[in-house]
Amino acid sequence: MTSTPRLAVLGSGKGSNFVAIQEAIIVGKLDAQIVLVASDLPDAIILSKAAAFGLPTATLPPSPFRTKLSPEGEVALVELLQKHAVEWVILAGYMRVVKEPLLSAFSNRIINIHPSLLPAFKGLRAWEQALNARVFETGCTVHFVNKDIDAGEIIAQQRVTIALNDTPESLHARIQIAEHELYPAALAKVFQRKE
Ligand code: GRF
């Protein structure tokens, strides 16, 4: 019998994937516990949603860089995660590129969700990239995080058909519905694999 995996969720936005994961835990679909929700943005909605669930929250130290934490900030984040005895780092709309020492401290234990069928459409606004490329389907991918952006080992994917009249907003909304199913299911698969 192994113990329940201890997760930290990092996010910068509205936290709908965090909510999907927490709800899967509550209804018993995912055997895990979220022990910390942290954001680089003090007013990110994910923090108020986490507080509404009664979960511990933290804001990461401000960074002079838009796309990454400062080196000291990344060290402080690792210390914060260790203080909460975190075992898995779950990225859910976290808008900073993950650097050292976080990558090594949680090697193969950092997971992200990306709104495309990777390796297609890495980077920002992937749903818009898919529309502009005039492809017929896109989707979402849960993957391990390594030093290369959106390039770690793929854990699971879900397809989303693109409609002729899709706008970036309508397509992103449908991808998010798929994300909310896929992310908790993919995490359950990973945690079983590691037992
Ligand atoms: C999701 O679309 C996810 O794929 C991307 O950022 C978005 C986060 O949305 N990495 P939310 O904050 O979970 O609602």
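Residues numbered from 1 in each chain as written. Predicted model: local features only at pLDDT ≥ 70, side-chain atom pairs only at ≥ 80, totals over all residues. Heavy atoms only, no water.

**Student:** So what about the overall build of the chain? Which residues, and what values?
**Tutor:** Along the chain, the regular secondary structure elements total six helices and seven strands. Element order for the chain, N to C, with α for helix and β for strand: β-α-β-α-β-α-β-α-β-α-β-β-α. Once the C-alpha set of the chain is aligned to its principal axes, its extents read approximately 50 × 45 × 30 Å. In the chain, which comprises 195 residues, the proportion classed as buried is 49%. (Helix = DSSP H or I, 4+ residues; strand = E, 2+ residues; numbered from the N terminus. Buried < 20%, exposed > 50% of the residue type's maximum accessible area, 1.4 Å probe, protein only.)

**Student:** I'd like a description of the packing of aromatic side chains, backed by residues and values.
**Tutor:** Counted under the stated rule, the structure contains two aromatic pairs. Ring centres of phenylalanine 18 and phenylalanine 53 lie 5.7 Å apart, and the angle between their planes is 90°; on these two criteria the pair is classed as edge-to-face. With phenylalanine 18 in helix H1 (residues 16-26) and phenylalanine 53 in the loop between helix H2 (45-52) and strand E3 (57-59), the pair connects residues that are 35 residues apart, well separated along the chain. Their ring planes at 55° and their centres at 5.0 Å tell us that tryptophan 88 and phenylalanine 191 sit as a pair that is tilted. With tryptophan 88 in strand E4 (residues 88-91) and phenylalanine 191 in helix H6 (residues 168-194), this residue pair connects regions lying 103 residues apart in the sequence. (Phe/Tyr/Trp six-rings, centres within 6.5 Å; stacked < 30°, edge-to-face > 60°.)

**Student:** Mind laying out helix H3 (residues 71-83), listing which residues take part and the relevant values?
**Tutor:** Each full turn of the α-helix corresponds to 3.6 residues, which orients residues three or four apart in the same direction. For H3, with 13 residues, the first-to-last C-alpha span of 19 Å sits near the 18 Å given by 1.5 Å per residue. All of the buried residues in H3 are Gly73, Glu74, Leu77, Val78, Leu80 and Leu81. When H3 is viewed along its axis, its buried side chains cluster within an angular range of 160° and face the same direction. Facing away from the buried surface of H3 by more than 90 degrees, the exposed residues are Pro71, Glu72, Glu79 and Lys83. Those residues of H3 that are buried are in contact with strand E1 (6-10), strand E2 (33-39), E3, E4 and helix H4 (102-105). Immediately beyond the C-terminal end of H3, within one or two residues, lies alanine 85, with a positive phi of roughly 50°. (Expected span 1.5 Å × (residues − 1). Arc of directions from axis to C-beta. Contact = heavy atoms within 4.5 Å.)

**Student:** Give a detailed account of the site of the ligand, specifying residues and quantitative values.
**Tutor:** Surrounding the ligand, one finds Lys14, Gly15, Ser16, Asn17, Gly93, Ile113, His114, Pro115, His172, Gln176 and Glu179. Between isoleucine 113 and the ligand, the recorded distance is 2.9 Å, taken from a backbone N or O atom to a nitrogen atom. For the ligand, whose unbound accessible area comes to 370 Å², protein coverage reaches 87%. When each cavity is represented as a set of grid points, the ligand is found to reside in the largest pocket. Contributions of two or more residues to the shell around the ligand are made by H1, strand E5 (110-114) and H6. Residue contributions to the shell around the ligand peak at three residues, all from H6. In terms of residue class, the shell around the ligand is made up of two nonpolar, seven polar and two charged. (Near = heavy atom within 4 Å. Polar contact = N/O pair within 3.5 Å; in protein donor to acceptor, adjacent residues only side chain to side chain. Areas by Shrake-Rupley, 256 points an atom, 1.4 Å probe, with all protein chains shown as cover. 1 Å grid on protein atoms, 1.4 Å probe; cavity = no way out; pocket = protein on both sides within 12 Å on 5 of 7 lines; lining within 4 Å. Sits in = over half its atoms within 2 Å of the grid points. Nonpolar A, V, L, I, M, F, W, Y, C, P; charged D, E, K, R; others polar.)

**Student:** Explain the layout of surface pockets to me, using residue names and the numbers behind them.
**Tutor:** Each pocket or cavity is described by its volume, and for the largest pocket that value is around 970 Å³. Around the largest pocket, the lining is made up of 36 residues, and of these Gly93, Tyr94, Met95, Asn112 and Leu124 lie nearest the centre. At the level of secondary structure, the elements contributing two or more residues to the lining of the largest pocket comprise H1, E5 and H6. Its residues assigned to classes, the lining of the largest pocket comprises 13 nonpolar, 14 polar and nine charged. Its boundaries defined by the atoms lining it, the second largest pocket holds a volume of some 190 Å³. As for the second largest pocket, its lining consists of Leu131, Arg134, Val135, Phe136, Ile162, Ala163, Leu164 and Asp166. Residue classes in the lining of the second largest pocket are distributed as six nonpolar, no polar and two charged. (Points joined across faces, edges and corners; volume = space filled by probe spheres on them.)

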